[in-house]
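Working through the structure, step by step
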Amino acid sequence: LMLRQERRFVILEVLFPGEAAQGEHMPSSPTCRRCIPGAVSVHPSYFEAGADVARYYPNYSTPQDGNLLPDELLCDTVAQLGITSDTLVVVYGKGCAHTMGACRAQWALMYSG
């Protein structure tokens, strides 16, 4: 008899806060609104600026502001979401640029290991 080992997972919702549907309340923090219960909502720029929302797109002052965080900071920022190298992550996008945002987040996660 083999027991199935439980695997930790995180559902990651990637959302541009300015893209809520008309009449929807905008989130006040990157983790306050979830489409799927238990999901963690982040702005796509979270992987470029961490929790420093003043540096999120479209507030770039130079093209380099769109680069990912340096490796060590990126790994720490991903860990703050509860994601480790053993975590199964399901990523989905929300808003009018949902595919681009989700793909960018997935790329950042793959890069960070």
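A brief structural summary. This is a predicted model, so every value here is computed, not measured.

Rules of the game
Residues numbered from 1 in each chain as written. Predicted model: local features only at pLDDT ≥ 70, side-chain atom pairs only at ≥ 80, totals over all residues. Heavy atoms only, no water. Core = buried A, V, L, I, M, F, W, Y, C linked by side-chain atoms within 4.5 Å. Buried < 20%, exposed > 50% of the residue type's maximum accessible area, 1.4 Å probe, protein only. Helix = DSSP H or I, 4+ residues; strand = E, 2+ residues; numbered from the N terminus. Axes fitted to C-alpha atoms, helices over the stretch in contact; angles between N-to-C directions. Parallel < 35°, antiparallel > 145°, perpendicular 65-115°, else oblique. Left-handed = near helix turned anticlockwise from the far one by under 90°. Contact = heavy atoms within 4.5 Å. Nonpolar A, V, L, I, M, F, W, Y, C, P; charged D, E, K, R; others polar. Patch = residues over 30% accessible without salt bridge, like charges linked within 9 Å, V, L, I, M, F, W, Y side chains within 5 Å. Areas by Shrake-Rupley, 256 points an atom, 1.4 Å probe, with all protein chains shown as cover. Salt bridge = Lys/Arg side-chain N within 4 Å of Asp/Glu carboxyl O. Pairing = 2+ DSSP bridges. Polar contact = N/O pair within 3.5 Å; in protein donor to acceptor, adjacent residues only side chain to side chain.

1. A few points about the nonpolar core
- L12, V42, F47 and L81 are the most contacted members of the largest nonpolar core, which totals 18 residues.
- Only β1 (9–15), β2 (40–42), α1 (46–49), α2 (71–79) and α3 (98–112) provide two or more residues apiece to this core.

2. What to know about the packing of α2 against α3
- Close contact between α2 and α3 brings their axes to 10 Å; oriented N to C, the two are set at 115 degrees. One finds that α2 runs roughly perpendicular with respect to α3. Once α2 is placed against α3, the crossing between them reads as left-handed. Along the contact surface, α2 presents D71, L74, C75 and V78, while α3 presents A108, L109, Y111 and S112.
- The residue makeup of the contact of α2 with α3, split by class, is six nonpolar, one polar and one charged.

3. Digging into a nonpolar patch on the surface
- On the surface, a cluster of nonpolar side chains totalling about 280 Å² of accessible area is made up of F9, L88 and V90.
- Note on placement: F9 falls in strand β1.

4. Details of the pairing of β1
- Among the seven residues of β1, six are classified as buried, and the element is accordingly described as predominantly covered.
- Where β1 and β2 come together, three bridges link them in parallel fashion. The residue of β2 that forms the bridge with V14 is V42.

5. What about unusual backbone geometry?
- Going from Y57 to P58, the amide bond is cis rather than trans, its omega being 15 degrees.
- Mapped onto the secondary structure, P58 falls in the loop between α1 and α2.

6. A look at the side chain of H43
- Tracing the sequence through the fold places H43 in the loop between β2 and α1.
- At a separation of 2.9 Å, a polar atom in the side chain of H43 contacts the main-chain amide nitrogen of S45.

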